[in-house]
Amino acid sequence: MDGPDVDGLARSMALLAGGHDDGHAHPQHPGDGAPGARSWGKAPDYHDDPARAAAAQAATAADRQRYLTAGLAPVDCRHCHAQVSVKKLGPEYTAVQWNSAAAARCAHFAEVRAAGGDSGRERSCPRLADSIKHAVAEGCLEAFSSAPSPGDG
Ligand SMILES: [Zn+2]
């Protein structure tokens, strides 16, 4: 496998975006605790509630998909014209989402491969990073990140 770790990026994006309002309380089922389950000192999890664990997982997947697609702006590399999706996460931070077409097209990655390197270890094309900086400076990403989100059930 080569190409960037999109899955890892997705996770970090979800973490950074955080703060979604999933704060509704679920009533506990009385007498439904697993005997002998000792959970102090651990991060809360849903080991004793498989249904909720499954629901949480589904919600996470849906959230992840939303984080991945919301606010993404296409940015072309001025050097090799690979097109990636970029999301502005903060004033100084943008997340770049590579796809396989862009990774295959990027001249920088091609050079790395031609030199016998592992393009999967390259985080980004330096030319593209430059292009993204310009896109940010020109406010291209602001337009996307400030767009109203589609109906949030
Ligand atoms: Zn490039």
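Above: the structure in question.
Residues numbered from 1 in each chain as written. Predicted model: local features only at pLDDT ≥ 70, side-chain atom pairs only at ≥ 80, totals over all residues. Heavy atoms only, no water.

Asks: Hey, could you run me through the pattern of salt bridges in this one?
Replies: Pairs may arise between side chains of opposite charge once their charged atoms sit close together. The full count for this structure, using the stated rule, is one salt bridge. With a closest N to O distance of 3.7 Å, Glu 138 and Arg 78 form a salt bridge. You can see Glu 138 sitting in the loop between helix H5 (126-137) and helix H6 (140-145) and its partner Arg 78 sitting in the loop between strand S1 (72-76) and strand S2 (83-90), a full 60 residues away along the chain. In terms of burial, Glu 138 and Arg 78 fall into one category: exposed. (Salt bridge = Lys/Arg side-chain N within 4 Å of Asp/Glu carboxyl O. Helix = DSSP H or I, 4+ residues; strand = E, 2+ residues; numbered from the N terminus. Buried < 20%, exposed > 50% of the residue type's maximum accessible area, 1.4 Å probe, protein only.)

Asks: Which parts of the structure should I look at to understand the sheet that holds strand S3 (residues 93-97)?
Replies: Whenever strands of a sheet pair, they do so through backbone hydrogen bonds, lying parallel or antiparallel. Taken together, the three strands give an open sheet; going across it, the order is S1-S2-S3, and neighbouring strands pair in antiparallel fashion. Each edge of the open sheet is held by one strand with a lone partner, namely S1 and S3. The mean angle between the axes of side-by-side strands here comes to 40°, regardless of whether they run parallel or antiparallel. Relative to S3, S2 runs antiparallel, the two being bridged by five bridges. The residue bridging Lys 88 from the neighbouring strand is Thr 94, located in S3. (Pairing = 2+ DSSP bridges. Axes fitted to C-alpha atoms, helices over the stretch in contact; angles between N-to-C directions.)

Asks: Teacher, can you tell me more about the nonpolar core here?
Replies: Burial of nonpolar side chains together is a common tendency in soluble globular proteins. Counting 18 residues, the largest nonpolar core has Val 75, Val 84, Val 86, Val 96, Trp 98, Cys 106 and Leu 128 as the members making the most contacts within it. Contributions of two or more residues to this core are made by S1, S2, helix H3 (100-105) and H5. Broken down by element, this core gets its largest block of residues, three residues, from H5. (Core = buried A, V, L, I, M, F, W, Y, C linked by side-chain atoms within 4.5 Å.)

Asks: Just to check I follow, could you spell out unusual backbone geometry for this structure?
Replies: Most peptide bonds take the trans form, and the phi angle of most residues other than glycine is negative. A positive phi angle, near 65°, is found at His 81, a position not held by glycine. When you line up the elements, His 81 lands in the loop between S1 and S2. What makes His 81 partly exposed here is its relative accessible area of 47%.

Asks: I tried to follow the coordination of the zinc ion on my own but got confused; where do I start?
Replies: The expected angle between donors at a tetrahedral four-coordinate metal is 109.5 degrees. At an octahedral six-coordinate metal it is 90 or 180 degrees. Every protein donor of the zinc ion is listed here as Cys 77 (SG), Cys 80 (SG) and Cys 125 (SG), and their distances to the metal cover 2.4 to 2.8 Å. Positions of the donor residues of the zinc ion along the chain correspond to the pattern C-x2-C-x44-C. On the criterion of sequence distance, the pair formed by Cys 77 in the loop between S1 and S2 and Cys 125 in the loop between helix H4 (107-114) and H5 is long-range, its members being 48 residues apart. Of the two residues, Cys 77 and Cys 125, neither departs from the other in class, the shared state being buried. (Donors = N, O, S within 2.8 Å, 3.2 Å for Na, K, Ca; no water.)

Asks: It is not clear to me how H4 should be interpreted in this structure. Could you clarify?
Replies: Helical geometry note: an α-helix holds 3.6 residues per turn, so side chains three or four residues apart project in the same direction. Among all positions in H4, only His 108, Phe 109 and Val 112 are buried. Taken around the axis of H4, the buried residues stretch over an arc of 100°, which confines them to a single face. Pointing more than 90 degrees away from the buried face of H4 are the exposed residues Glu 111 and Ala 114. Next to the buried residues of H4 lie H3 and H5. Looking one or two residues past H4, Gly 116 carries a phi angle of roughly 85°, positive in sign. (Arc of directions from axis to C-beta. Contact = heavy atoms within 4.5 Å.)

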